[in-house]
Amino acid sequence: MSDQFKAILTKAKLNFAILTSILVIAILGKFINPELTNSIFVTADQLVSDLYLVFIAITLGAFIPNFKLVAFGSIGIFIAAAVLIQLKVFNYLTTEYLFAVLIVTLGFASIANLYRHYREHGL
């Protein structure tokens, strides 16, 4: 393995962890609760056609140097919004929809951040 490839892999551990966790959620969800998992991933698929969300996620992943801020900030916002949904502050928003937004945001931000690492090392 080349030194450049090793450098990308060490810098992008969080990216791979996020992408792997999305895959694990999809696989485990199919066994535990397939209806809920299907509805979440169908919603996420529909959200991808909303280009503003995809552009925001790509911008976060590509232009914020500390990707931990993006990842943990997105998860923190998800948790805060989920609490507000349970407190009935958001009447027309569901936790499933919010989770689909989190999956799309983290997925595209992770891929954009991986590409940024790839471009930095000139592979």
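Look above for the structure.
Basis of the calculations
- Residues numbered from 1 in each chain as written.
- Predicted model: local features only at pLDDT ≥ 70, side-chain atom pairs only at ≥ 80, totals over all residues.
- Heavy atoms only, no water.
- Helix = DSSP H or I, 4+ residues; strand = E, 2+ residues; numbered from the N terminus.
- Buried < 20%, exposed > 50% of the residue type's maximum accessible area, 1.4 Å probe, protein only.
- Areas by Shrake-Rupley, 256 points an atom, 1.4 Å probe, with all protein chains shown as cover.
- Lys, Arg positive; Asp, Glu negative; His and termini not counted.
- Charge placed at Lys NZ, Arg CZ, Asp CG, Glu CD.
- Core = buried A, V, L, I, M, F, W, Y, C linked by side-chain atoms within 4.5 Å.
- Contact = heavy atoms within 4.5 Å.
- Axes fitted to C-alpha atoms, helices over the stretch in contact; angles between N-to-C directions.
- Parallel < 35°, antiparallel > 145°, perpendicular 65-115°, else oblique.
- Nonpolar A, V, L, I, M, F, W, Y, C, P; charged D, E, K, R; others polar.
- Expected span 1.5 Å × (residues − 1).
- Arc of directions from axis to C-beta.
- Patch = residues over 30% accessible without salt bridge, like charges linked within 9 Å, V, L, I, M, F, W, Y side chains within 5 Å.
- Salt bridge = Lys/Arg side-chain N within 4 Å of Asp/Glu carboxyl O.

Draft legend 1. Region of the structure containing the overall build of the protein. When helices and strands are tallied, the protein shows 6 helices and 0 strands. Dimensions of the protein, computed from C-alpha atoms along their principal axes, come out at roughly 50 × 30 × 25 Å. When the 123 residues of the protein are sorted by exposure, 33% land in the buried category. Surface summary for the protein: the accessible area is close to 7,900 Å², and the carbon and sulfur share equals 71%. In the protein, 8 positive and 6 negative side-chain charges are present, and the distance between their average locations comes to 12 Å.

Draft legend 2. Quick look at the nonpolar core. Ranked by size, the top nonpolar core spans 21 residues in total, and within it Ile 18, Phe 67, Leu 98 and Phe 99 carry the most contacts. Of all the elements in the fold, those that place two or more residues in this core are helix H2 (13–32), helix H3 (34–48), helix H5 (67–86) and helix H6 (95–121). With 8 residues, the top contributor of residues to this core is H6. Aside from chain neighbours lying at most four places away, what touches Phe 99 is Ile 25, Ile 40 and Phe 78.

Draft legend 3. Here's a closer look at the packing of H5 against H6. Viewed as axis vectors pointing N to C, H5 and H6 meet at an angle of 175°, and their least axial separation amounts to 10 Å. In terms of their interaxial angle, H5 and H6 are classed as roughly antiparallel. On H6, the residues that touch Phe 67, Val 70, Ala 71, Ser 74, Ile 75, Phe 78, Ala 81, Ala 82, Ile 85 and Gln 86 of H5 are Thr 95, Leu 98, Phe 99, Leu 102, Thr 105, Leu 106, Ala 109, Ser 110 and Asn 113. When grouped by side-chain class, the residues that make up the contact of H5 with H6 number 13 nonpolar, 6 polar and no charged.

Draft legend 4. Structural view of H3. Over its 15 residues, H3 extends 21 Å from the first C-alpha to the last, a length consistent with the 21 Å expected when each residue adds 1.5 Å. Here H3 has its buried residues at Thr 37, Ile 40, Thr 43, Ala 44 and Leu 47. Looking down the long axis of H3, one finds its buried residues gathered within 130° of arc, a one-sided arrangement. Opposite the buried face of H3, by more than 90 degrees, sit the exposed residues Glu 35 and Asp 45.

Draft legend 5. View of a nonpolar patch on the surface. On the surface, a cluster of nonpolar side chains totalling about 710 Å² of accessible area is made up of Phe 72, Ile 75, Ile 79, Val 83, Leu 84, Leu 87, Val 89 and Phe 90. Inspection of the secondary structure puts Ile 79 in helix H5. In this structure Ile 79 comes out as partly exposed when scored by relative accessible area, which is 48%.

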